[in-house]
Amino acid sequence: MKTLRTPEFSELRSLKRPVHLAIGMFDGLHIGHQAVIHSAIQAAELDGSLCGILTFDPHPSHLFRPDSPTPQIYPPEVKEELLREMGLDLCLIQKFTAEFAGHTAEKFVSWIREIVPSLASVSVGENFRFGKGRTGAPSLLVDKLKNCGVSVFSCERIHLDGDPISSTRIRGILPDRPIEEVNHLLGRPYHSIGTVQEGKRLGRTIGFPTLNLPVEADILPQFGVYLVRYRLRNSPRSESRFGIANFGLRPTMENSTVPRLEIHSLEECSADYGDDVVSEWIRFIRPERKFADLDELKDVIQSDCETALRWIESNRS
Ligand SMILES: Cc1cc2nc3c(=O)[nH]c(=O)nc-3n(C[C@H](O)[C@H](O)[C@H](O)COP(=O)(O)O)c2cc1C
Ligand SMILES: Nc1ncnc2c1ncn2[C@@H]1O[C@H](COP(=O)(O)OP(=O)(O)OP(=O)(O)O)[C@@H](O)[C@H]1O
């Protein structure tokens with residue numbers, strides 16, 4: 001996947017192949033976002049052309065509410081990793097400036113045509129709104145693009161358990177609901193990416209060495225013990241391993257102020273200090289606790305491992 005940021009879009013002018021674009025912020029890349037993106041992917045598969053997304057950075061709230069911008073589910077590197085996994089060819093990131101926000105809806109449409117001259121289709125959700133004052137709707141895209149031979153796919157809004165899926169809904173449950181509920185709306189496990197750091201090397205003294213990973217996101221899942229799958233960034237998903245991880249401040253051993261994801265690998269460990277690790281948070285097992293001593297911590301981690309292994313065994317396909 002090639003990522004182009006403002007002002008690099010001029011490279012698109014020399015593209016000969018048609019481009020199918022999905023448009024939106026896509027924070028979380030949840031089930032609704034996936035439907036819109038798959039619409040672009042399918043269109044590209046049909047005519048053997050390129051598919052990509054047009055997204056914006058920073059989130060528009062940074063411009064409109066600089067004192068309380070909308071916290072993002074995923075940092076840019078997680079979003080990019082997931083887009084790459086989805087098989088996109090292009091990721092276009094337009095800087096969301098005051099000037100850009102001032103474009104009328106009509107101007108926004110002509111701007112897309114300018115930056116992607118070989119545009120073949122755009123995919124959006126039916127609730128997509130764009131342009132100054134959010135006055136543009138998918139029907140305007142149809143009006144403005146049909147005469148230029150550009151198709152518009154407006155995807156029906158996807159609901160789950162009675163309500164529409166949205167990034168806002170996921171932001172609301174991420175900090176304090178079990179990760180399985182978040183995953184249900186995301187349509188895949190919650191992801192984090194971090195570089196393996198040195199820890200206090202105490203885990204190995206109780207028989208549970210860990211990969212210590214920072215989790216840098218605006219909204220954090222609740223502290224606790226999780227069943228995870230992890231892999232080195234850029235390695236295929238088939239090479240991921242199961243692990244049992246503590247996410248939190250480690251009150252028994254150090255009571256830090258910096259939360260970390262500490263993964264004890266349940267299979268031969270495939271990562272080392274300095275490696276970038278992609279973690280998928282599959283299941284919440286229990287809250288993090290302060291134990292009286294290391295023996296108690298060790299016994300509970302042993303039982304966490306057994307819980308995790310039982311889950312893995314019963315979910316083996
Ligand atoms: C599965 C698992 C569960 C853990 N649960 C807790 C916990 O509830 N409370 C706690 O203080 N430490 C817990 N820990 C320990 C810390 O996460 C960490 O491994 C320990 O402090 C050693 O850190 P080190 O890597 O810096 O040596 C857990 C570790 C693992 C692997
Ligand atoms: N549930 C959904 N079903 C189908 N398409 C959706 C759904 N939610 C969003 N989309 C579409 O995905 C694209 C990206 O939308 P956007 O980033 O605004 O998502 P959102 O979940 O509505 O975010 P927020 O809750 O922050 O407003 C848009 O084209 C939007 O219309």
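Residues numbered from 1 in each chain as written. Chains lettered and ligands numbered in written order. Predicted model: local features only at pLDDT ≥ 70, side-chain atom pairs only at ≥ 80, totals over all residues. Heavy atoms only, no water.

Another point: the sheet that holds strand β6 (residues 151-155). Across a sheet, strands are paired by hydrogen bonds formed along the backbone, either parallel or antiparallel in direction. Read from one edge of the open sheet, 6 strands run β1-β4-β3-β2-β5-β6, paired in parallel fashion. Strands at the two margins of the open sheet, each flanked by one partner only, are β1 (2-5) and β6. Taking the axes of each pair of neighbouring strands and ignoring which way they run, one obtains an average angle of 20° across the sheet. Direction of pairing for strand β2 (residues 19-23) relative to strand β5 (residues 119-125): parallel, over a ladder of 4 bridges. Paired with L21 across the strands is V122, a residue of β5. (Pairing = 2+ DSSP bridges. Helix = DSSP H or I, 4+ residues; strand = E, 2+ residues; numbered from the N terminus. Axes fitted to C-alpha atoms, helices over the stretch in contact; angles between N-to-C directions.)

Moving on, we come to the environment of L220. Note that L220 resides in the loop between β10 (211-214) and β11 (224-232). Residues L220 and P175 lie 45 residues apart in sequence; the distance between their C-alpha atoms is 5.7 Å. Each residue touching L220, except ones within four places of it in the same chain, is listed here: L174, P175, V215, F247 and P259. (Contact = heavy atoms within 4.5 Å.)

Right, let's get into the pairing of strand β4 (residues 90-95). Burial runs high along β4: 5 of the 6 residues are buried. Relative to β4, β1 is paired through 4 bridges, and the arrangement is parallel. By the bridge assignment for β4, R5 is matched with I93. Taken together, the 6 bridges between strand β3 (residues 50-57) and β4 define a ladder with parallel strand orientation. In the sheet register, L54 faces β4, and the bridge partner there is L92. (Buried < 20%, exposed > 50% of the residue type's maximum accessible area, 1.4 Å probe, protein only.)

The next subject is the side chain of E280. Here E280 lies in strand β14 (residues 276-286). Among the polar contacts listed, one links the side chain of E280 to the side chain of R237, at a separation of 2.9 Å. Residues contacting E280, with those up to four places away along its chain left out, are P189, Y190, H191, L227, V228, R229 and R237. (Polar contact = N/O pair within 3.5 Å; in protein donor to acceptor, adjacent residues only side chain to side chain.)

Its domain assignment divides the protein chain into domain 1 (2-164) and domain 2 (189-314). With centres defined by C-alpha atoms, the gap from domain 1 to domain 2 works out at 35 Å. In this assembly, domain 1 packs against domain 2 so that about 1,000 Å² is buried in total across both faces, 51% of it on carbon and sulfur atoms. If you look at where domain 1 meets domain 2, you find 4 salt bridges. A salt bridge links E81 to R231; its shortest N-O distance comes to 3.3 Å. (Domains from an automatic or database assignment. Buried area = accessible area lost by both parts, 1.4 Å probe. Salt bridge = Lys/Arg side-chain N within 4 Å of Asp/Glu carboxyl O.)

Around ligand 1, a shell composed of 24 residues is seen, among which K200, L202, T252, E262 and R289 lie nearest. One of the backbone nitrogen or oxygen atoms of G203 is found 2.9 Å away from an oxygen atom of ligand 1. P251 has a polar backbone atom sitting 3.2 Å from an oxygen atom of ligand 1. A total of 630 Å² of accessible area belongs to ligand 1 in isolation, and the protein chains cover 98% of it. Among the secondary structure elements, those contributing two or more residues to the shell around ligand 1 are β12 (241-248), β13 (260-265) and α9 (294-314). Residue composition of the shell around ligand 1, by class: 8 nonpolar, 7 polar and 9 charged. (Near = heavy atom within 4 Å. Areas by Shrake-Rupley, 256 points an atom, 1.4 Å probe, with all protein chains shown as cover. Nonpolar A, V, L, I, M, F, W, Y, C, P; charged D, E, K, R; others polar.)

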